[in-house]
Amino acid sequence: LSFSPSSPSPSLSSFLAMLVFLTFAIALLVVLTIMAPAAVAYSCPSGYTDSAQHYTGGLRASASAALVLGEPANPADCSNEGASRRWNGAVLEYAGCSPMCCTCWKLSSPLLESTAPPIELSSWSSESALQSVYRAFSNIGDSPDAPGGLLVSMLDTTSTLAATEVSLHQMALNSGSCAIHHGNTCLAFSYLRKDLPPVVYNYPSTVPQLRVGLLVDPDIASSLMTGMFVFDGDTNERQSCANEAGEDVDFSSKWTSEETGPFACMKSAARAAGVEQGASVFQSTSDPGQKLFGGICDPRIETCAFMNSGGCMSTEDLGNWPGCMEPHSPEFKDFESCFEFQKLNSSSWEVRFSGSCLPCSQMYVCDASDPPGKAQRVYDAEASEFKAYVGADGNGFPEIFMQPKMNRGSSNNAQCKWKRDSWNSWISASRAAYRDALNAALGEQGNWNGYAWADPAAEGAYFNNEVNAYIYPDASSNLYTDQNDVFMASIMGVVVDTQTCEEKLRFLDGVPSSGKGGVVYKDAASRCAAFRAGAAKTEQQEIAEAVQAAHNLAHLIGPGTLVLRANFTTNAAPEPLMWRRALAKVLRPEQFMGAL
């Protein structure tokens, strides 16, 4: 072959081109390697997940068992050899790791996997929808994965009439939610079973009653459940100190003239911030509190799901906790750090729950064991949890939260919340509490002479229990879609309560109320007249609209959806007959539920 000295041969030309390409590729690979996010250089043990999607400069854990050290890929990946350290008294993390902290968060139940046994087609085909509801109610399971029973979420009639879809997202926006204004991450249910009274959230009032409910199979929806309360937990006020009231909350009116007492920690912090004597101090509706991860987290991470479905103490209980009431308490400084103040004018200040606030950022849980010391409600610094020690099997619950009398402040708002894996202890504590409530109401003092007997002038306890679910707030995500698929598959039907107030309270005819407010109510008629004074509609109108709303809900769910009449007992007083049947485990669903 002959070629010109000025023209490279084809072989040389190809070689040079390949060399240029390889040089460019190597350079590009180096750039991409530098720009690419670092991979998590550690692995987690079974039952735990890494923090890659949740790292926010320090991962919080509300229990030492919920946070463990992962196995580093290289010895240098955990420079502090896994030692834990605390930040601002509230953050527990494994620090000094490369490329990030080797934190592994404990997973709760398998993500969105139902543990219910498969339905046998032969039995299903021969069983009506109503019979399947009765069978579920009468089934007593022994774990949160297969508890048996029924879940009921009560809905307001107006929203249900206007509804155009049924979904977790829609439920979170309506009255079934327990975090309406900030995040919409929480859903509330009542749990019904043959060994528990058939009580749902239905307190008599001037506004239309919550008469329509969605009936859910907890064996299918078990992966959505995050925690439980013996009585209604007022979870709307347990959203990491967010203002979920829908209106400004005046806190200065709760202060005393003494240096001790309710909200003494807020008063002390206010004086240090320059708040003048006599000035009004309120929390705005815009205050979102301190939602863990902003409310967005993998539902399998127990701590995050628990906290974002009403898992901390209520703001009311915060002000009545010994660490806030007593300046000499070792917790007082931590409680003082919860507040930031902004002056609005010469007579008013806004307070926001922020800073390094333990009560707003840590779980408040029931511990079914005896207290290590004299105090029954304490902060466990090692576990990073506020705890109420309720004794073995929860039988100490009545002593802590129902004495000297049952009322909304202590029995509902101050109670602890049970973790999902404490299911059996929660059932035991619930039965002990119902037994104690009935005995106290019927006793010689009549629970302080009628205080528990649906007294319109008293802030009586709400006697319905509460089970919560965490809802992923991004309805466009695959994670939410998976949650919603489980929820829709768990729906068993729609219930509607067609009782009037007098029908529900008729067992109180001849039973006097406490006389609080100067009036003693002696029958259902006088009680209901006081409860419903100023109601915009008659009960007959409310019931007719509720039946219509129930059918609308069933239509949206789909053809063949069961609609049931459910005469639930009141949550304003112990109803002796039904409560005793439940405590004896002989309550039958036909005694209060049937086809509409």
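See the structure above.
Reference entry: report on the structure contained in this document. The structure presented is a predicted model; accordingly, all values stated were derived computationally and were not measured. (Residues numbered from 1 in each chain as written. Predicted model: local features only at pLDDT ≥ 70, side-chain atom pairs only at ≥ 80, totals over all residues. Heavy atoms only, no water.)

**Description of the overall build of the protein**
Here comes step 1: The number of helices and strands found in the protein is 21 helices and 23 strands.
Here comes step 2: Residue burial in the protein is summarised as follows: out of 596 residues, 54% are buried.
Here comes step 3: Considering only intrachain contacts with a sequence separation of at least 6, the fraction spanning at least 24 residues in the protein is 76%.
Here comes step 4: Only carbon and sulfur atoms are counted for the fraction: they give 54% of the accessible area of the protein, which is about 25300 Å². (Helix = DSSP H or I, 4+ residues; strand = E, 2+ residues; numbered from the N terminus. Buried < 20%, exposed > 50% of the residue type's maximum accessible area, 1.4 Å probe, protein only. Contact = heavy atoms within 4.5 Å. Areas by Shrake-Rupley, 256 points an atom, 1.4 Å probe, with all protein chains shown as cover.)

**Quick look at the sheet that holds strand β21 (residues 491–496)**
Here comes step 1: An order of β19-β11-β20-β9-β8-β10-β21-β22-β23 is seen for the nine strands of this open sheet, with the pairing classed as mixed. The open sheet is flanked by β19 (418–419) and β23 (593–595), the only strands paired with a single partner.
Here comes step 2: Note: strand β11 (residues 225–229) against strand β20 (residues 466–470), four bridges, orientation antiparallel. Looking across to β20, one finds that G227 is bridged to N468.
Here comes step 3: Each of β8 (150–155), β9 (186–192), β10 (212–216), β21, β22 (563–566) and β23 touches helix α3 (residues 129–137); the most contacted strand, β23, lies at about 170° to it. (Pairing = 2+ DSSP bridges. Axes fitted to C-alpha atoms, helices over the stretch in contact; angles between N-to-C directions.)

**Describing the packing of aromatic side chains**
Here comes step 1: Using the criterion set out here, one finds 21 aromatic pairs in the structure.
Here comes step 2: On the basis of an interplanar angle of 45° and a centroid distance of 5.9 Å, the ring pair of Y191 and W426 is categorised as tilted. Here Y191 is found in strand β9, whereas its partner W426 is found in helix α15 (residues 423–442), with 235 residues between them in sequence. Take Y191 and W426: they sit in the same class, and that class is buried. (Phe/Tyr/Trp six-rings, centres within 6.5 Å; stacked < 30°, edge-to-face > 60°.)

**Some details on the pairing of β11**
Here comes step 1: Within β11, five of the five residues are buried, leaving the element largely enclosed by the surrounding structure.
Here comes step 2: Relative to β19, β11 runs antiparallel, the two being bridged by two bridges. Across the sheet, the residue bridging to G227 is K419, located in β19.

**With respect to the environment of C416**
Here comes step 1: Its place among the elements puts C416 in the loop between α14 (408–413) and β19.
Here comes step 2: Ignoring any residue separated from it by four or fewer positions in sequence, one finds C416 in contact with F229, Y364, V365, C366, A388, V390 and F401.

**Thoughts on the pattern of salt bridges**
Here comes step 1: Enumeration over the complete set of coordinates arrives at 16 salt bridges.
Here comes step 2: The salt bridge partner of R420 is D145, with a shortest N-O separation of 2.8 Å. Placement of the pair is R420 in the loop between β19 and α15 and D145 in the loop between α3 and β8, with a sequence separation of 275 residues.
Here comes step 3: Its relative accessible area of 9% is what places R420 among the buried residues.
Here comes step 4: Accessibility expressed as a relative area gives 27% for D145, which makes it partly exposed.
Here comes step 5: The residue D287 makes a salt bridge to R352 at a minimum N-O spacing of 4.0 Å. You can see D287 sitting in the loop between β13 (280–283) and α8 (302–307) and its partner R352 sitting in strand β15 (residues 348–353), a full 65 residues away along the chain.
Here comes step 6: Judged by relative accessible area, D287 falls into the buried class, the value being 2%. (Salt bridge = Lys/Arg side-chain N within 4 Å of Asp/Glu carboxyl O.)

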